[in-house]
Amino acid sequence: MTRRVAFLRAVNVGGTGKLPMADLRALAAEIGFDAPETHLASGNLLFGSDLDDDMATAHLETALQAHMGAPCPVFLRDAQTLTEILDQLPFEGAEGSRVGILFGSERAISDDLAAPKHQTSEELAIVARHLAVHFPDGMGKSKLALPIFHRATMRNRNTVAAIAKKLSP
């Protein structure tokens, strides 16, 4: 059985997409995921399953849509992938809360880097097939706009490290 994390997009952010984490854990258990647990209240579901990534994603997205009444994209990653990302992150010395990692589909992200809008002090890097962004002035102050922001979800380095630790044997 593989332990993974599902990063849910647009859950409990800015008053939209309200989903209590207790409901998310219950929903995951109902669809047969093993030992579901959540990390923080921002849509991070850790679970075990014998399903492959595509099937686990489909089951969870279907259940979430039925529960929430709207699509809720889900991006699965395992401990190995999270560790690779963390090991390859640039931005040495940057505060973990100021480094964001975007989780989306596995499609190429190089086009997203071609035309950033409103970039000031932010630094961008492709890391283990993911986009990482250093926000030296803080995420909340940034006006950076990239196409990937509309089809992915971001977690800061501290959150990713904590989840990787929980997933590791």
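All values derive from a computational prediction rather than experimental measurement.

K.L.:
Explain the pattern of salt bridges to me, please; I cannot follow it from the model alone.
P.N.:
Going through the model one piece at a time under the given rule, you end up with 3 salt bridges. Between R3 and E37 there is a salt bridge; the shortest N-O distance is 3.1 Å. Note that R3 is positioned in strand β1 (residues 2-8) and E37 in strand β2 (residues 34-38), a separation of 34 residues in sequence. By relative accessible area, which is 25% here, R3 ends up partly exposed. Linked by salt bridges that have partners in common, R3, E37 and K166 make up one network.

K.L.:
Mind showing me how you'd approach the packing of helix α1 (residues 21-30) against helix α2 (residues 53-68) here?
P.N.:
The description of two helices packed together rests on the angle between their axes and the distance between the axes. The interhelical angle for the contact between α1 and α2, taken along N-to-C directions, is 130°, at an axis separation of 10 Å. With respect to each other, α1 and α2 are oriented oblique. Seen from above, α1 lies across α2 with right-handed handedness. Residue-level contacts link D23, L24 and L27 of α1 to L60, A63, L64 and H67 of α2. A breakdown of the residues in the contact of α1 with α2 according to their chemical character gives 5 nonpolar, 1 polar and 1 charged.

K.L.:
Please clarify how α2 should be interpreted in this entry.
P.N.:
An α-helical segment advances 3.6 residues per turn. Residues three or four places apart therefore align on the same side. Look at α2: 22 Å from first C-alpha to last across 16 residues, which is about the 22 Å you get at 1.5 Å a residue. The inward-facing, buried residues of α2 abut β1, α1, β3 (44-49) and β4 (74-78). Backbone nitrogen of D54 and a side-chain oxygen of the N-cap are separated by 3.2 Å at the start of α2; the cap is D52. Trailing α2 by a residue or two, G69 shows a phi angle of about 80°, which is positive.

K.L.:
Help me understand the side chain of R155, please; the structure alone is not making it clear to me.
P.N.:
Position of R155 relative to the elements: it lies in strand β8 (residues 153-156). For R155, the side chain forms a polar contact with the main-chain oxygen of S42, separated by 3.1 Å. Not counting chain neighbours up to four residues away, the residues in contact with R155 comprise F7, L8, S42, G43, N44, V99, G100, I101, F103 and V160.

K.L.:
What is the right way to read the sheet that holds β2 from this model?
P.N.:
Note on sheets: strands pair through backbone hydrogen bonds, and any given pair is parallel or antiparallel. Strand order in the open sheet made by the 4 strands is β2-β3-β1-β4, with antiparallel pairing throughout. Each edge of the sheet is formed by a strand with only one pairing partner; in this case those strands are β2 and β4. Pairs of neighbouring strands in the sheet enclose a mean axial angle of 25°, with direction left out of account. Pairing of β1 with β4 involves 5 bridges; the strand directions are antiparallel.

K.L.:
Honestly, the nonpolar core in this entry has me stumped. Any pointers?
P.N.:
Grouped burial of nonpolar side chains is what soluble globular proteins tend to show. Grouped together as the largest cluster of nonpolar side chains are 21 residues, with contacts concentrated most on V5, L82, F103, V127, I163 and L167. Breaking this core down by element, the ones donating at least two residues are β1, α3 (79-88), β5 (99-103), β6 (123-127) and α5 (157-167). Ranked by residues supplied to this core, first place goes to α5 with 4 residues. Apart from the residues lying within four places of it in its own chain, the contact partners of F103 are F7, F75, R77, L82, I85, H130, A152, T153, R155 and V160. Counting residues in each nonpolar core, the second largest holds 18 residues, with L19, L27, L45 and F47 among its members.

K.L.:
How should the environment of A41 be read in this particular structure?
P.N.:
When you line up the elements, A41 lands in the loop between β2 and β3. Assessed through its relative accessible area of 49%, A41 is described here as partly exposed. Once the C-alpha coordinates of A41 and P147 are considered, the two residues, 106 residues apart in sequence, prove to be 25 Å apart. Excluding residues within four positions of it along the chain, A41 makes contact with N12 and M21.

Parameters and conventions
- Counting from 1, residues in each chain are numbered in the order their sequence is written.
- In keeping with the model being predicted, local features are shown solely for residues with a pLDDT of at least 70 and side-chain atom pairs are shown and tallied solely at 80 or more, while totals for entire chains, interfaces and linings include all residues.
- Remark: hydrogens and water are excluded; side-chain values derive from all non-hydrogen atoms of the structure.
- Basic side-chain nitrogens of Lys or Arg form a salt bridge, by our definition, when they fall within 4 Å of a carboxyl oxygen of Asp or Glu.
- In this description a helix means any DSSP run of H or I spanning at least four residues, a strand means any run of E spanning at least two, and both kinds are numbered starting from the N terminus.
- When accessible area is computed with a 1.4 Å probe and restricted to protein chains, residues below 20% of their type maximum are described as buried, those above 50% as exposed, and intermediate ones as partly exposed.
- The convention used is that axes are lines fitted to C-alpha atoms, helices contributing only their stretch in contact, and that angles between N-to-C directions extend from 0 to 180 degrees.
- Throughout, the term roughly parallel applies to angles under 35 degrees, roughly antiparallel to angles over 145, roughly perpendicular to angles from 65 to 115, and oblique to all others.
- Put simply, a crossing is left-handed when the front helix is turned counterclockwise from the back one by less than a right angle, and right-handed when it is turned clockwise.
- Should any heavy atoms of two residues lie within 4.5 Å, those residues are counted as being in contact.
- Basically, the charged four are Asp, Glu, Lys and Arg, the nonpolar ten are Ala, Val, Leu, Ile, Met, Phe, Trp, Tyr, Cys and Pro, and anything else, Gly included, counts as polar.
- The span one expects for a helix is its residue count, reduced by one, times 1.5 Å.
- Here a polar contact means two N or O atoms within 3.5 Å. Within protein one must be a hydrogen donor candidate and the other an acceptor candidate, and residues neighboring in sequence count only if both atoms are side-chain atoms.
- Only strands joined by at least two bridges in the DSSP assignment are considered to pair.
- Definition used in this section: a nonpolar core is a set of buried Ala, Val, Leu, Ile, Met, Phe, Trp, Tyr and Cys residues joined via side-chain atoms within 4.5 Å.

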